[in-house]
Amino acid sequence: MEKIKSLDDLKKLREGMQAKIKLRESGNNAENIVRVKVSMSTCGIASGAKEIMNFMMDEMERQAIEAVVTQTGCMGYCYAEPTIEVTVPGHDPIVFGDVDKVRASEIIEKYIIHNELVEGILPVNYRSIDI
Amino acid sequence: MADYKMHLLVCGGTGCKASESEQIKENLLAEVERNGLSGEVQVVMTGCFGFCEKGPIVKVLPDNTFYVQVKPEDAGRIVSEHALKGRPVEDLLYRDEHDLPISDSKHMEFYKKQVRIALRNCGFINPENIDEYIARDGYAALAKCLSEMTPEEVVKEIKLSGLRGRGGGGFPTGLKWEITARSVADQKYVVCNADEGDPGAFMDRSILEGDPHSVIEAMAICGYCTGSTKGLVYIRAEYPLAIQRLKTAIKQAREYGLLGQEIFGSSFSFDISLRYGAGAFVCGEETALIHSMEGLRGEPTFKPPFPSESGYLGKPTTVNNVETFASVPVIINKGASFFNNIGTEKSKGTKVFALAGKINNVGLIEVPMGTTLREVIFDIGGGIKGGKKFKAVQTGGPSGGCLTNSFLDTPIDYDNLISAGSMMGSGGMIVMDEDDCMVSIAKFYLEFTLDESCGKCTPCRIGNKRLFEILDKITKGLGTEEDLSRLRSLCKVIKDTSLCGLGQTSPNPVLSTLDNFYDEYLAHVKDHKCPAGQCKSLVRYNIDSEKCTGCTLCFRNCPVGAITGEKRSAHFIDNSICIKCGVCYDKCKFDAVSVS
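This is a predicted model, so every value here is computed, not measured.

With that settled, the discussion passes to the overall build of chain B. Helix and strand counts for chain B stand at 23 helices and 20 strands. Its C-alpha atoms give chain B a radius of gyration of 28 Å, near enough to 25 Å, the size a compact globule of 596 residues would have. Counting only C-alpha atoms and orienting by the principal axes, one finds that chain B spans roughly 85 × 70 × 40 Å. Looking at chain B residue by residue over its 596 residues, the buried ones come to 56%. Taking contacts inside chain B between residues at least 6 apart in sequence as the whole, the part at least 24 apart equals 71%.

Another point: the overall build of chain A. Of regular secondary structure, chain A possesses four helices and six strands. Written out in order from the N terminus, the α and β elements of chain A read α-β-α-α-β-β-β-α-β-β. Dimensions of chain A, computed from C-alpha atoms along their principal axes, come out at roughly 50 × 35 × 30 Å. Within chain A, contacts between residues separated by at least 24 positions form 62% of all contacts whose residues are at least 6 apart in sequence.

The next point concerns the domain arrangement of chain A. For interface size, the figure often reported is the accessible area lost on association. Under the domain assignment used here, chain A contains domain 1 (1–29) and domain 2 (31–122). The distance between the C-alpha centroids of domain 1 of chain A and domain 2 of chain A comes to 26 Å.

Let us now look at the confidence of the model for chain B. For chain B, the average pLDDT comes to 91, and 98% of its residues sit at 70 or higher. With pTM at 0.86, the complex prediction returns an ipTM value of 0.85.

With 57 residues of chain B at the interface, the matching set in chain A holds 42 residues. Broken down by secondary-structure element, the contributors of at least two residues to the side of chain B that touches chain A are β1 (6–11), β2 (41–46), β7 (115–116), α4 (130–135), α5 (140–148), α8 (203–210), α10 (240–255) and β13 (363–368) of chain B. Grouping the constituent residues of the side of chain B that touches chain A by class yields 29 nonpolar, 16 polar and twelve charged. Pairing between strand β6 (residues 127–128) of chain A and β7 of chain B: two bridges, direction parallel. Considered in β7 of chain B, the bridge of arginine 127 of chain A is made with valine 115 of chain B.

Let us look at the nonpolar core. All names here are of chain B. In terms of nonpolar packing, the biggest core is built from 202 residues, with Val215, Met219 and Ile221 touching the most fellow members. With nine residues, helix α9 (residues 212–226) is the single largest residue contributor to this core. Those residues in contact with methionine 219 that lie beyond four places of it in its chain are Val190, Cys192, Gly231, Ile272 and Phe325. Ranked by size, the runner-up nonpolar core spans 14 residues in total, among them Tyr541, Ile543, Cys554 and Ala562.

Before going further, it helps to examine the sheet that holds strand β8 (residues 189–194) of chain B. Residues and elements named next belong to chain B. Reading across from one edge, β10-β9-β8-β11 is the order of the four strands in this open sheet, with parallel pairing throughout. The sheet is open, and its two borders are formed by β10 (271–277) and β11 (317–321), each paired with just one other strand. Adjacent strand axes in the sheet meet at a mean angle of 25 degrees, parallel and antiparallel pairs treated alike. With respect to the sheet, helix α12 (residues 322–334) is in contact with β8 and β11, its orientation differing from that of β11 by roughly 90 degrees.

What follows concerns helix α14 (residues 373–380) of chain B. Residue and element names in this part refer to chain B. Most of α14 is tucked away, with seven of its eight residues classed as buried. Turning to α14, the residues buried within the fold contact β12 (350–357), β13, β14 (390–395), β15 (401–404) and β16 (428–433). Looking at the residues trailing α14, positive phi occurs at glycine 382, about 75 degrees.

This brings us to the sheet that holds β14 of chain B. Residues and elements named next belong to chain B. Ordered in space as β13-β12-β16-β14-β15, the five strands form an open sheet in which the pairing is mixed. One side of each edge strand has no neighbouring strand; the edge strands of this open sheet are β13 and β15. Strand-to-strand twist across the sheet, computed as the mean angle between neighbouring axes with direction ignored, equals 30 degrees. Summarising the sheet, β14 and β16 pair through five bridges and their orientation is antiparallel. For threonine 395, the partnering residue across the bridge sits in β16 and is methionine 429.

The next subject is the environment of serine 6 of chain A. Residue position: serine 6 of chain A is located in the segment before α1 (7–26). Its 14 C-beta neighbours within 10 Å are what place serine 6 of chain A among the partly exposed residues.

Before going further, it helps to examine unusual backbone geometry. Excluding glycine, a negative phi dihedral is what most residues carry, and trans is how most peptide bonds are arranged. All names here are of chain B. For the bond running from leucine 61 to proline 62, omega is 10 degrees, close enough to zero to count as cis. Topologically, proline 62 is positioned in the loop between β3 (58–61) and β4 (65–67). Omega for the peptide link from proline 304 to proline 305 comes to 5 degrees, which places this bond in the cis form. In this structure, proline 305 sits in the loop between α11 (286–293) and β11. Phi is positive for aspartate 137, which is not a glycine, with a value near 70 degrees. With respect to the helices, strands and loops of the structure, aspartate 137 is situated in the loop between α4 and α5. Since 19 C-beta atoms lie within 10 Å of it, aspartate 137 is described here as partly exposed.

Residue and element names in this part refer to chain B. Contact geometry for helix α16 (residues 438–452) and helix α17 (residues 458–475): axes closest at 9 Å, N-to-C directions at 150 degrees. Classified by the angle between their axes, α16 and α17 sit roughly antiparallel to one another. Considering the relative orientation of α16 and α17, their crossing is left-handed. Residues Val439, Ser440, Ala442, Lys443, Leu446, Glu447, Thr449 and Leu450 of α16 pack against Asn464, Lys465, Leu467, Phe468, Leu471, Asp472, Ile474 and Thr475 of α17. When the residues that make up the contact of α16 with α17 are grouped by side-chain class, the tally is eight nonpolar, four polar and four charged.

It is worth spelling out the domain arrangement of chain B at this point. All names here are of chain B. Under the domain assignment used here, chain B contains domain 1 (6–111), domain 2 (130–337), domain 3 (350–433), domain 4 (438–525) and domain 5 (540–595). Relative to domain 3, the C-alpha centre of domain 2 lies at a distance of 27 Å. Residue-level contacts link 14 residues of domain 2 with 17 residues of domain 3. In terms of residue class, the side of domain 2 that touches domain 3 is built from four nonpolar, five polar and five charged.

Another aspect to go through is helix α3 (residues 75–85) of chain B. Residue and element names in this part refer to chain B. Among all positions of α3, only Ala75, Ile78, Val79, His82 and Ala83 are buried. Viewed along the axis of α3, the buried residues span an arc of 110 degrees, placing them on a single side of the element. Where α3 is buried, its residues contact β1, α2 (21–34), β2, β3 and β4. Taken from the residues just after α3, glycine 86 is the one with a positive phi, measuring 75 degrees.

Residues and elements named next belong to chain B. With respect to the helices, strands and loops of the structure, aspartate 3 is situated in the segment before β1. Judged by C-beta crowding, with 9 C-beta atoms within 10 Å, aspartate 3 ranks as exposed. In this structure, the C-alpha to C-alpha distance between aspartate 3 and glutamine 42, residues 39 residues apart in sequence, is 9.5 Å.

What counts and what doesn't
- Residues numbered from 1 in each chain as written.
- Chains lettered and ligands numbered in written order.
- Predicted model: local features only at pLDDT ≥ 70, side-chain atom pairs only at ≥ 80, totals over all residues.
- Helix = DSSP H or I, 4+ residues; strand = E, 2+ residues; numbered from the N terminus.
- Rg over C-alpha atoms; globule rule 2.2 N^0.38 Å.
- Buried ≥ 20, exposed ≤ 12 C-beta atoms within 10 Å, placed from the backbone.
- Contact = placed C-beta atoms within 7 Å.
- Domains from an automatic or database assignment.
- pLDDT = per-residue confidence, 0-100.
- Nonpolar A, V, L, I, M, F, W, Y, C, P; charged D, E, K, R; others polar.
- Pairing = 2+ DSSP bridges.
- Core = buried A, V, L, I, M, F, W, Y, C linked by C-beta atoms within 7 Å.
- Axes fitted to C-alpha atoms, helices over the stretch in contact; angles between N-to-C directions.
- Parallel < 35°, antiparallel > 145°, perpendicular 65-115°, else oblique.
- Left-handed = near helix turned anticlockwise from the far one by under 90°.
- Arc of directions from axis to C-beta.

The following block contains the structure:
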């Protein structure tokens, strides 16, 4: 890995990364790429987040849905673990709570494929500082 | 399959459900149907919006319109006006403090109730990918410090920001750094205190698991300010995932040259290693923590000298908590004034709290200092589970106290909590309802302290044991009124004479419950009754023969066979066998089991 030796190096890397993320979110086939983040802190994993993450990856591949499934830290909704955040291109991210395999299938089938919401959405009620 | 153009989200949180949100959903569905919009508008029930005071809530997507205090009969207008004609229903919109309607919920005050600074990346980035952190301005603060600021300027900025230690004590962070910077030594250390020990607290774990780089970056900044080249994270071995993510993060930072020699081409070098704690509560106290890292017994020593002057291996050491560090890069990037504009006069910025106990939305939140307990518990937390009555909230863990109704509107900051008889602590917040016995709660915390006292000083070792014994006696119905005054005087002695923070604060749960729930103590010692029905020695379960239908549910569930009775006739509890587990009370569908 190339070392970062100066502020300029860092800026370049940051811009490169931001562009990469942007491309991932709204790139060439923006129509198709779905982003799924799985909350994977200790509590999430204890409630089964790992299985859900694997399940989502397998299902996306099986159903040939272009998607990026990544892990992230605690979203703060401990009462509704496992939680996942789904971003369908052109829509705001939506967080679903208490996701088991049945609900995960439902989310893929209804929300990701047909833009139909399913019960159990967790409304985001916080603001993160702008970076 | 339908392609919905609009979604109506109805809040299905406990509070909103209690005010007919299910009926609202039904009515909306019927109206959608009536207007022939079934294929275009979808009605969905969601989790709690955390704005219960203005519930029931209906939110419209994609335009983010936010309707408050909606009644079932408003469904018609929402569908015919908004869904059909695209005009928001003006009088249902949320209004700001100037009584102006706000149509896009993104501009609402309510989104300002939770502001995430320390948690800014938690649940947003992949914690095992340094590039995602860098894309979110990661390591920009360190770069700025090393290339544009002198160590003195950085310390000045931190002092100006008003940041205080988030581990509980609230010592000004900038001042701490300045003292270490001023100390002269051939080697200095930066220590991150990740020994999170309060029951019910998990803020630090979540930050380390969700955004480990923010802590690494801040430790390097602290190293630059104080002239330290070595950083140590003291973390509990029982946090395996946090340890693994931290190790991954350190490795990635090294690969990029963000840790190691001559960072960003400057003359500053810094590296971090981990030290594991075995899970002793007292090791969260900085002197005990340092001894534990040195391989000695985890026992505190008298201050001064403070670690900033003589700490790890006798060298000047800055010890800061995880959350304190996580806030630092933001202060450098956005400036001290960004941070000190948030919060109260003496407590700046935001604080992370772990909500636990009898609250609907158990979880991790971050609010500006000065937010009231009411906003935290009833809005963000969604109120009390099962529609029960709020009784108390315990803040500050075993060192804190229980606050009642009368403190609900107190703005939360370091000083207010102390004058209320509790403390900020690391941020655990345990909510209690009417079913919790405050004497038992005090006993629970004392039992914890008793286990965790290192035993070095007498007041803490023996005093807490005696406190526990008196409380135990009271919960068994054997206490007297003299015991209550004995509790008080013993508490005072322990507070005044203990060596470290553990003993100096351990009587707080007892004192605060004595102050706020004296009647409950009196009921235990005078009438030998436990008003909450929690103290097993003091309660009896009885079956009301009028109400009992003889369904045999209690009989079948009783684990000790204390219940007898024929099918379809009243049952009885034999109190000589009963272990008071309360299963019959929970199972009975006819309200026939009573507690006395």
